[in-house]
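An overview of the molecular structure
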Amino acid sequence: MEVDPLADTAPPRYAIESDDEDEYNPLSPSKPAAYQPPADVDVKFIGQFPSGRPLIFVSGDAGLVWGRGAALGMQQGGIYVNNKQVGVLFLPSWTRAAIIASETFTRLPLSIMNTYTTAIIERTEPTSVSLLDTYSVQGYIAPKMIPWEDAPVRYLSIGSIAISDPDLELFEPPNLLQSATASLLAGIFLRSLEVKRKEEIAAFFLLPSPKLPPPPPTTIPPSCFPSPEDVHWDQQTMKKVHRWLFEIVGESGNIEPWVERNDKSTGLPAATVRRAPTEIGEGGMYI
């Protein structure tokens, strides 16, 4: 007679099926999440925002670095979402384009992005649009792995734009973007579908980033001013991107060149200077 030496032992924990609802599960919330209705979104424009002109819209780290070398001049206006500044308007004398730097010192929740970008399109009525942001090299799906140092600048476009630069590659599916810049491009595309609407011209340039994008916030966080050394792209890349941005809006001629400043000064001082903890003000008009 064969005797099973383990017959009298308890089965392993993973072999027990339990219907006990009181059993602790660290992955389950202690209470079901209460339903929260969508909050009202109030978008305000302070300053003289021109209408019917080209628009250059830069965002995040890419906008911050580009702003270091672009001769943007003084801030001419601001865009506030629920009384928190998110966008900054510049109107340099050397270009017809209105330039908006967005989310360089705070971030928008996904639920607010569409309302924010729709308000910008309706307020500025741009004749053509250039956008600048980043994409994550680590998260980009491609046939082969590309190190950040060799990753190309990628683009998306709307309209009959001839983009054939060997230094540019298409941002291809199945990759997705969740950003205000992507929302703005989608809004321009939807506007192009309107009856009797003339052809829209828009291009979205994406600088490669070595960082994975953090999850979007649920509310607009307090202003955070990154150090100038937090992000960087080489001068040659930034000069090309600068040229591409203005070529799309029809200004490939007498534009101010992009020149990186050694002192890291920029037309976006609020985005490159950390405030002291005791300093008063969150995203004021004057930065």
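Everything numeric here is computed off the predicted structure, so don't read it as measured data.

It is worth spelling out the pattern of salt bridges at this point. For the structure on display, the rule yields 8 salt bridges. Here K44 and D42 are joined by a salt bridge, their closest N and O atoms 3.8 Å apart. In this structure, K240 and D167 form a salt bridge, with 2.3 Å as the shortest nitrogen-oxygen distance. In this pair, K240 is assigned in helix α4 (residues 235-248) and D167 in the loop between β7 (153-158) and β8 (168-170), connecting sequence segments 73 residues apart. For K240, a relative accessible area of 23% gives the class partly exposed. Residue classification places D167 among the partly exposed positions, given a relative accessible area of 33%.

Applying the stated criterion across every chain, the model contains 6 aromatic pairs. An aromatic cluster is defined as three or more aromatic residues linked by ring pairs; in this entry it consists of Y135, Y140 and F171.

Let us now look at the side chain of S183. By secondary structure assignment, the location of S183 is in helix α3 (residues 180-192). The buried category is assigned to S183, whose relative accessible area is 14%. A distance of 2.8 Å separates the side chain of S183 from the side chain of T117, its partner in a polar contact. With sequence-adjacent residues up to four places away left out, S183 is seen in contact with M113, N114 and T117.

Before going further, it helps to examine the sheet that holds strand β1 (residues 43-47). Taking strand neighbours across the sheet as the criterion, the 9 strands line up as β1-β3-β4-β5-β2-β6-β9-β7-β8 in an open arrangement whose pairing is mixed. Only two strands of the sheet have a single partner each, and these edge strands are β1 and β8. Taken over all neighbouring pairs, the strand axes of this sheet differ in orientation by 25 degrees on average, direction set aside. In this sheet, strand β5 (residues 98-102) lies alongside strand β4 (residues 84-90) in antiparallel orientation, the contact comprising 4 bridges.

The rules behind the values
- Residues numbered from 1 in each chain as written.
- Predicted model: local features only at pLDDT ≥ 70, side-chain atom pairs only at ≥ 80, totals over all residues.
- Heavy atoms only, no water.
- Salt bridge = Lys/Arg side-chain N within 4 Å of Asp/Glu carboxyl O.
- Helix = DSSP H or I, 4+ residues; strand = E, 2+ residues; numbered from the N terminus.
- Buried < 20%, exposed > 50% of the residue type's maximum accessible area, 1.4 Å probe, protein only.
- Phe/Tyr/Trp six-rings, centres within 6.5 Å; stacked < 30°, edge-to-face > 60°.
- Polar contact = N/O pair within 3.5 Å; in protein donor to acceptor, adjacent residues only side chain to side chain.
- Contact = heavy atoms within 4.5 Å.
- Pairing = 2+ DSSP bridges.
- Axes fitted to C-alpha atoms, helices over the stretch in contact; angles between N-to-C directions.

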